[in-house]
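Fold and geometry: a report
Here's the letter readout for the chains.
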Protein chains: 4
Amino acid sequence: MSGNTFGKLFTVTTAGESHGPALVAIVDGCPPGLELSLRDLQRDLDRRKPGTSRHTTQRQEADEVEILSGVFEGRTTGTPIGLLVRNTDQKSKDYSAIKDVFRPAHADYTYHHKYGVRDYRGGGRSSARETAMRVAAGAIAKKYLATLGIQVRGYMSQLGPIAIPFKSWEAVEQNAFFSPDPAKVPELEAYMDQLRRDQDSVGAKITVVAEGVMPGLGEPIFDRLDAELAHALMSINAVKGVEIGAGFASIAQRGSEHRDPLTPEGFASNNAGGILGGISSGQPIVAHLALKPTSSITVPGASVDVNGQAVDMVTKGRHDPCVGIRATPIAEAMMAIVLLDHLLRHRGQNAGVQVSTPVLGQR
Amino acid sequence: MSGNTFGKLFTVTTAGESHGPALVAIVDGCPPGLELSLRDLQRDLDRRKPGTSRHTTQRQEADEVEILSGVFEGRTTGTPIGLLVRNTDQKSKDYSAIKDVFRPAHADYTYHHKYGVRDYRGGGRSSARETAMRVAAGAIAKKYLATLGIQVRGYMSQLGPIAIPFKSWEAVEQNAFFSPDPAKVPELEAYMDQLRRDQDSVGAKITVVAEGVMPGLGEPIFDRLDAELAHALMSINAVKGVEIGAGFASIAQRGSEHRDPLTPEGFASNNAGGILGGISSGQPIVAHLALKPTSSITVPGASVDVNGQAVDMVTKGRHDPCVGIRATPIAEAMMAIVLLDHLLRHRGQNAGVQVSTPVLGQR
Amino acid sequence: MSGNTFGKLFTVTTAGESHGPALVAIVDGCPPGLELSLRDLQRDLDRRKPGTSRHTTQRQEADEVEILSGVFEGRTTGTPIGLLVRNTDQKSKDYSAIKDVFRPAHADYTYHHKYGVRDYRGGGRSSARETAMRVAAGAIAKKYLATLGIQVRGYMSQLGPIAIPFKSWEAVEQNAFFSPDPAKVPELEAYMDQLRRDQDSVGAKITVVAEGVMPGLGEPIFDRLDAELAHALMSINAVKGVEIGAGFASIAQRGSEHRDPLTPEGFASNNAGGILGGISSGQPIVAHLALKPTSSITVPGASVDVNGQAVDMVTKGRHDPCVGIRATPIAEAMMAIVLLDHLLRHRGQNAGVQVSTPVLGQR
Amino acid sequence: MSGNTFGKLFTVTTAGESHGPALVAIVDGCPPGLELSLRDLQRDLDRRKPGTSRHTTQRQEADEVEILSGVFEGRTTGTPIGLLVRNTDQKSKDYSAIKDVFRPAHADYTYHHKYGVRDYRGGGRSSARETAMRVAAGAIAKKYLATLGIQVRGYMSQLGPIAIPFKSWEAVEQNAFFSPDPAKVPELEAYMDQLRRDQDSVGAKITVVAEGVMPGLGEPIFDRLDAELAHALMSINAVKGVEIGAGFASIAQRGSEHRDPLTPEGFASNNAGGILGGISSGQPIVAHLALKPTSSITVPGASVDVNGQAVDMVTKGRHDPCVGIRATPIAEAMMAIVLLDHLLRHRGQNAGVQVSTPVLGQR
């Protein structure tokens, strides 16, 4: 229970540091018979990969994944799927300067106090590089969910101060920001260019949506679907907040406004974000997450060293000025993992349940 | 993994329906030798108890807890602690009208699709009545944490549209709203009185803070302390959003603003909410949660019945017009359970770790 | 993970001491819609109950169980089932003499070192009284398994030096020993009567068999069905050994003798005990367990006290001269719990698997 | 919970098939600061490696392990340790003949029914090749335990009909059988040579002993140390029985004989096998396991194919005539993993417990 495994029936265990030899994952519990190829995994890995535009870190990582087990003649066998991604562009020499100091807002100080020792190169285990394996594992979950008509997709809904309205899913894949509004892209680019000139960073908001989810997924009391989604999404590096449906806007809503009417034609609204009593309702599942600005900036900042002495720090190296830009595939992966895990758990207990009541969709 | 257990080393398992004979909990993994009496549990149960002011449901429940095991001669023995609370004011007759219809924004529809059958009386298992056992279990966690100088406290930070500034912890316990600002109480009372006249309900925001937490609690990668807190807090009935520290405000922050400087005198700010890289930093741990307005209101609403036919619904019975009012002790309980669980997990792996670096507090 | 919960999808959590107010269990993950009444539970509780013959302890416990939750209108709802059994015949005064000494071969010494404190009355948590809740929970598992044609039954196969051949299932329920051979009962009674005169105790062997189990239950690698059965059965008080199928006799077998031929008419033998590669084969699942003689005897024995000083001990109180006599329902319960748990786990991952290969039974 | 992870705080997750590209493991929860090198792992891998004598399979595997993460500058960091072993001598062409038939006493038939598909090459996931990763992970556990003075060692105590008395630990490492009696080796060699001429296989008994274990490890009720050992040891390929201490001999023992007297100089005997009430007593922990004869023999055997038709089978390929010969390091590994896991769990809950009672050893 050292926290490197997620899920109960569909489980993902990862290992690997930013500047170690490799990242590795073991995906257990995948249903057998699923067609699965490297291409299925590589597509999402490439969406997360650094260095694809000038707005992300310039570290060059091919992020090529190898399937070590669990797939035979193009299909999953039900046994665990081993995944391996070699690190190729570590440049460890960049990092020796931070060996004995704690970068502000990084995990240096807390890992130091927790473990006594740490791999300080590039953040070691605390680096977001680890999320590559989540994306690879999530691609497997997505593939299985797709066979049941469930689609998990995300987009950037805010970059710093710029809110991005949802226009279309098609737009999302056609720009470096995962912006659902193509008209906003020039504004986003201008903002990022200025940010780089300021040598600063900024936060972002990501929205993830699952459509086609059947009613019934989620386990009361503690493992509500929304609670597990919150767990999964908050576990992504830099996330500081998670909302389901109306989220924090619910505070000022009245009950007569918040509750989503059920009609024979479907739910009339979706303040619930597709989850009632912790269980999926058949509506789209909608989550928003807030990502903080990365702390790896070249603006000098105050900190202390391992002896508790004050130091002035500049975090060099290659960094993302907005980690939110690459976060969309990670958020999708975590939602897909949660949904598949709950699908299997639901099936285990309730496989035989049959109800004649019609399933309502979104009106 | 049906979701009625929370925690890994300090675990809480609950059972019981709103209108069944009793609620029950088994608290496992409590360190031995802790002084524990009924009074320790009853105090927090009374803080959550309905019917203590005109602003909460008028259901009368004594919520008297019995300790069935795990405590001997006034001290915990390390064996599981069984807890029992009998239901005394069930009034099941009130509920037969909703047997075949689904109350909007309740769990009726989703439980029906998940299980095929459900105990419809008062929401059955989906009722917030279940949270009584969380509060009882949380009181045990709080008691142990207190022996280490850790204090977990919460307050209402917003009621509907009314933001409540933090003034003092003393104020919190002196009004029915857990308001930290006594000057705000008349405004809150007036708002609630109008709400009752409107027969409507409203949301709220609760803030929970843990002080005195040592650095090092929290497990990367998936079981980050913030991720587990998000899980725990989102699992509370009606919660739609969770923030750690600056939360959603992080989106528009710049890195140079968000990062909390480390100084020999302590951290200079706390945008992180006391957690860096998923691990406690020694700063106060701060979480905010958004609660939706309860859907049990007498304003008629559209819904469907088990045959999918349209019906017009009025939810009668005794309900809280703002479930947030009683949520503070529940949120405290969940945070305390998470912290104690992580304290034990940390101790298991890292009991022997010693670092000479000074621990920084909040400046 | 303090060890009071068993199972992954169908989970049983228990609490309660020998001389505390009550025993309690929470059974989570039971499929909904199962008809369940007190009678279903009480039947097996009565089979385990002490005081039903002169060959068991004379402690009088009604062992009347109350269902606190999870059952509505005679059917399980899928929510956790709370179970309560009050202790009624504690006689705590008998036990003060052993407060500061360690009874040989009991858990006194080890609990003392583990927890520092212990409820010494009647063994506290280490008493086999705890197994009452396993039997109650197991009865629920048995009931569900029976709806699928799976039957779990056990018998005594050896008492001290007396081997008992299997004759019929009918015989098992018609004597106080769960002996499958009625002709052996007089010999068993004579042996036990002499044992009481000797004020000594003796071990026993129990055999448990599950018939009607479909192929496919059990999870490689670590959660093989045989491994989980070994775990479950070894967790019963006094068990010192577990065998599957041919068990220890396999050591001297040759491969040409041990391997069970597959024929179109079924498996030709069952050295495997119904499990191949950790997965059920469709053959009867057969396990044997060895129970040690209880250490609560009035023959004086050497021991030490809490100061490490030598003492001479006589264990008074009311005890079973052969704990194996009451162990059959407990072993059945644990096997049933394992099977149901694995059935749900298998269903979760592999619900959609279809093979055209015929299922072989036992020839 | 698909069964490829073992442990609660110190966890081992494995993946990989007999004839896939590689075996992989993720070891999570290892305490930080432990000196660890490839040599520590390779030593035990070499002890398990095939092809080191004429009495084991002639498959040539280097079994060279690579550490992918979790170790930095020669010490564990507390983050997960990724381990990789490439398969080098797969010879997949040997196995196509068994694609559509089920080898008797193998997992072919059960995997087929469980998953619908299977990697039939060399047994795929059900091959004992998987145990290489257990041995690698176990070496880490052994290394940590050794820093606390705990030593886990095993030996062969019976080969087919030949019982092997314990003579010395030194002898164990000086012959191909792990025989603790050097005088028995010629008899074992002659037996094995005849067995190969008979083209048959035979079972074996392995004994594993942990010395230096402190009192207090093991969690009542379900996670007793003996129950978890039974789980761990029964999960090893071919194991059909597990005993703790006196094991099945306890059946015919009297209580006055079985109970181990406590004296100020230590326990006077060890029928308990070092475990009382599921918790370690400070005595040596002793377990015995029965391994069946491998079913991969060239003596023809009856079986069926995927259509349920009778076939006559000869299992070709390279196999161990007695899998027990290579099982000693695997059994040691599993015992070490269980002990370290329980050490961490015990420390988590009971880190602060102090008792003045002296610890008894073996007299």
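Note that the coordinates shown come from a computational prediction; the quantities given were computed from them, not determined experimentally.

Notes on the overall build of chain A
Across its full length, chain A carries eight helices and 18 strands. By its C-alpha atoms, chain A is 65 × 50 × 40 Å across when sized along the principal axes. Counting all 363 residues of chain A, 67% fall into the buried class. In chain A, the share of contacts with a sequence separation of at least 24, taken over all contacts with a separation of at least 6, comes to 70%.

Notes on the UniProt feature "binding site: NADP(+)" (unreviewed entry) in chain A
Residue and element names in this part refer to chain A. Residues annotated in UniProt with the feature "binding site: NADP(+)" (unreviewed entry) correspond here to R48 and R54. Mapped onto the elements, R48 comes out in helix α1 (residues 38-48). By the C-beta count within 10 Å, which is 23 here, R48 ends up buried. Not counting residues up to four positions away in its chain, the partners in contact with R48 are T131, A132, V135, R326, P329 and I330. Its 12 C-beta neighbours within 10 Å are what place R54 among the exposed residues.

Comments concerning the relation of the copies chain D and chain C
When chain D is fitted to chain C, the residual RMSD is 0.0 Å, and the transformation amounts to a turn of 180° plus an axial shift of 0.0 Å. Classification of the inter-copy transformation places it as that of a two-fold axis. Among all residues of chain D, the minimum C-alpha distance to the rotation axis is found for H231(D), at 2.3 Å.

Focus: the relation of the copies chain C and chain B
Rotating chain C by 180° about the axis while translating it 0.0 Å along that axis superimposes it on chain B, leaving an RMSD of 0.0 Å. Residue by residue, 100% of the interface of chain C is reproduced at the interface of chain B, so both copies engage with the same surface.

Topic: the sheet that holds strand β3 (residues 22-28) of chain B
Residues and elements named next belong to chain B. An order of β1-β2-β3-β7-β4 is seen for the five strands of this open sheet, with the pairing classed as antiparallel. A single partner strand is all that each edge strand has here, and the edge strands are β1 (5-6) and β4 (65-67). With two bridges connecting them, β1 and strand β2 (residues 11-15) associate as antiparallel partners. The residue bridging T5 from the neighbouring strand is T13, located in β2.

A look at the packing of helix α3 (residues 131-147) of chain A against helix α8 (residues 328-350) of chain A
All names here are of chain A. Look at α3 against α8: their axes get within 7 Å of each other, and the N-to-C directions meet at 50°. Between α3 and α8, the interaxial angle falls into the category oblique. Crossing of α3 over α8 shows left-handed handedness. Facing T131, R134, V135, A137, G138, A141, K142, Y144 and L145 of α3, the residues of α8 in contact are P329, I330, E332, A333, M334, A336, I337, L339 and L340. Of the residues assigned to the contact of α3 with α8, the class counts are 13 nonpolar, two polar and three charged.

Observations concerning the sheet that holds strand β3 (residues 22-28) of chain A
All names here are of chain A. Spatially, five strands are ordered β1-β2-β3-β7-β4 in an open sheet, and the strand pairing comes out antiparallel. Looking at the sheet topology across the chains shown, the edges are occupied by β1 (5-6) and β4 (65-67). Helix-sheet contacts for α3 involve β2 (11-15), β3, β4 and β7 (81-86), and the interaxial angle to β3 is about 30°.

So, the interface of chain C and chain B
Across the contact, 37 residues belong to chain C and 38 residues belong to chain B. Residues that form the side of chain C that touches chain B fall into these classes: 14 nonpolar, 16 polar and seven charged.

Here's the deal with the packing of helix α1 (residues 38-48) of chain D against helix α3 (residues 131-147) of chain D
Residue and element names in this part refer to chain D. Here α1 crosses α3 at 135°, and the two axes come no closer than 8 Å. It follows from the interaxial angle that α1 and α3 lie oblique. Crossing of α1 over α3 shows right-handed handedness. Across from D40, L41, R43, D44, L45 and R48 in α1, the residues of α3 making contact are T131, A132, V135, A136, G138, A139 and K143. In the contact of α1 with α3, the residues fall into six nonpolar, two polar and five charged.

Structural notes on the environment of K205(D)
The residue K205(D) is located in strand β10 (residues 204-211) in this model. When the C-alpha positions of K205(D) and I162(D) are compared, they lie 9.8 Å apart, and in sequence the two are 43 residues distant. For K205(D), the contacting residues outside a window of four places in its chain are I251(C), S157(D), Q158(D), H288(D), L289(D) and A290(D).

With respect to the interface of chain D and chain C
On the side of chain C, 102 residues touch chain D, which itself brings 102 residues to the contact. Sorting elements by how many residues they give to the side of chain D that touches chain C places helix α2 (residues 108-115) of chain D first, with seven residues. The residue makeup of the side of chain D that touches chain C, split by class, is 42 nonpolar, 42 polar and 18 charged.

Considering the UniProt feature "binding site: FMN" (unreviewed entry) in chain A
Residue and element names in this part refer to chain A. UniProt feature "binding site: FMN" (unreviewed entry): in the numbering of this structure it lies at R125, S126, S127, N237, A238, G277, K292, P293, T294, S295, S296 and R318. By the secondary structure assignment, A238 is in the loop between α6 (225-234) and β11 (239-244). Leaving out residues up to four positions away in the same chain, A238 has contacts with L291, K292, T294 and V323.

What about the pairing of strand β3 (residues 22-28) of chain C?
All names here are of chain C. β3 sits mainly inside the fold: six of its seven residues count as buried. Pairing analysis gives five bridges linking strand β2 (residues 11-15) to β3, with the strands arranged antiparallel. Bridge pairing links T13 to I26 in β3. Where β3 and strand β7 (residues 81-86) come together, six bridges link them in antiparallel fashion. Within the sheet, the bridge partner assigned to I26 lies in β7 and is G82.

Points about unusual backbone geometry
In this structure, the amide linkage connecting P220(C) to the following residue, I221(C), adopts the cis form with an omega of 10°. Position of I221(C) among the secondary structure elements: in the loop between β10 (204-211) and α6 (225-234). One non-glycine residue with positive phi stands out, namely D63(C), at about 50°. For D63(C), the position within the fold is in the loop between α1 (38-48) and β4 (65-67). According to the C-beta neighbour criterion, D63(C) is buried, with 22 such atoms within 10 Å. Phi at A238(D) takes a positive value of approximately 80°, unusual for a residue other than glycine. Given 24 C-beta atoms within a 10 Å radius, A238(D) is considered buried.

Let's talk about the pairing of strand β18 (residues 310-313) of chain C
Both strand β17 (residues 301-304) of chain C and β18(C) contribute to a ladder of four bridges, which runs antiparallel. Note on β18(C): the bridge partner recorded for V304(C) is A310(C).

Concerning the environment of L225(D)
Residues and elements named next belong to chain D. Tracing the backbone through its elements, the reader meets L225 in helix α6 (residues 225-234). Spatially, the C-alpha atoms of L225 and G277 are 8.8 Å apart, while their sequence positions differ by 52 residues. Excluding residues that lie within four positions of it along the chain, L225 makes contacts with L217, G218, I275, G278, I279, S280 and H342.

Notes on the environment of L188(C)
Residue and element names in this part refer to chain C. Looking at where L188 falls in the secondary structure, it is placed in helix α5 (residues 185-197). You can call L188 buried: it has 22 C-beta atoms within 10 Å. The sequence separation of L188 and V323 amounts to 135 residues, and the corresponding C-alpha distance is 14 Å. Ignoring any residue separated from it by four or fewer positions in sequence, one finds L188 in contact with L159, I162, F177 and S179.

Scoring rules and cut-offs
- Starting afresh in each chain, residues are numbered from 1 along the sequence in its written order.
- The order in which chains are written sets their letters, starting at A; the order in which ligands are written sets their numbers, starting at 1.
- Whole-chain, interface and lining totals are the exception, using all residues; otherwise, since this is a predicted model, local features are given only for residues with pLDDT of at least 70 and side-chain atom pairs are given and counted only at 80 or more.
- Only DSSP runs of H or I reaching four residues or more are called helices, and only runs of E reaching two or more are called strands; each is numbered from the N terminus.
- Partly exposed residues are those whose C-beta has more than 12 but fewer than 20 other C-beta atoms within 10 Å; with 20 or more the residue is buried, with 12 or fewer it is exposed, and the C-beta atoms are placed from the backbone.
- Note on contacts: each residue gets a C-beta atom placed from the backbone, and two residues are in contact if those atoms are within 7 Å.
- UniProt positions are given in the numbering used here, feature names are shortened, and annotations may be inferred rather than shown by experiment.
- Copies overlap after least-squares fitting; the atoms used are the C-alpha atoms of residues with pLDDT of at least 70 in both.
- If DSSP finds at least two bridges between two strands, the strands pair.
- Orientation is described by axes fitted as lines to C-alpha atoms, over the contacting stretch for helices, and by angles from 0 to 180 degrees between their N-to-C directions.
- Put simply, angles under 35 degrees are roughly parallel, angles over 145 are roughly antiparallel, angles from 65 to 115 are roughly perpendicular, and the rest are oblique.
- Working rule for handedness: look at the near helix, and if it is turned counterclockwise from the far one by less than a right angle, call the crossing left-handed; if clockwise, right-handed.
- Residues are grouped as follows: Ala, Val, Leu, Ile, Met, Phe, Trp, Tyr, Cys and Pro are nonpolar; Asp, Glu, Lys and Arg are charged; all remaining types, including Gly, are polar.

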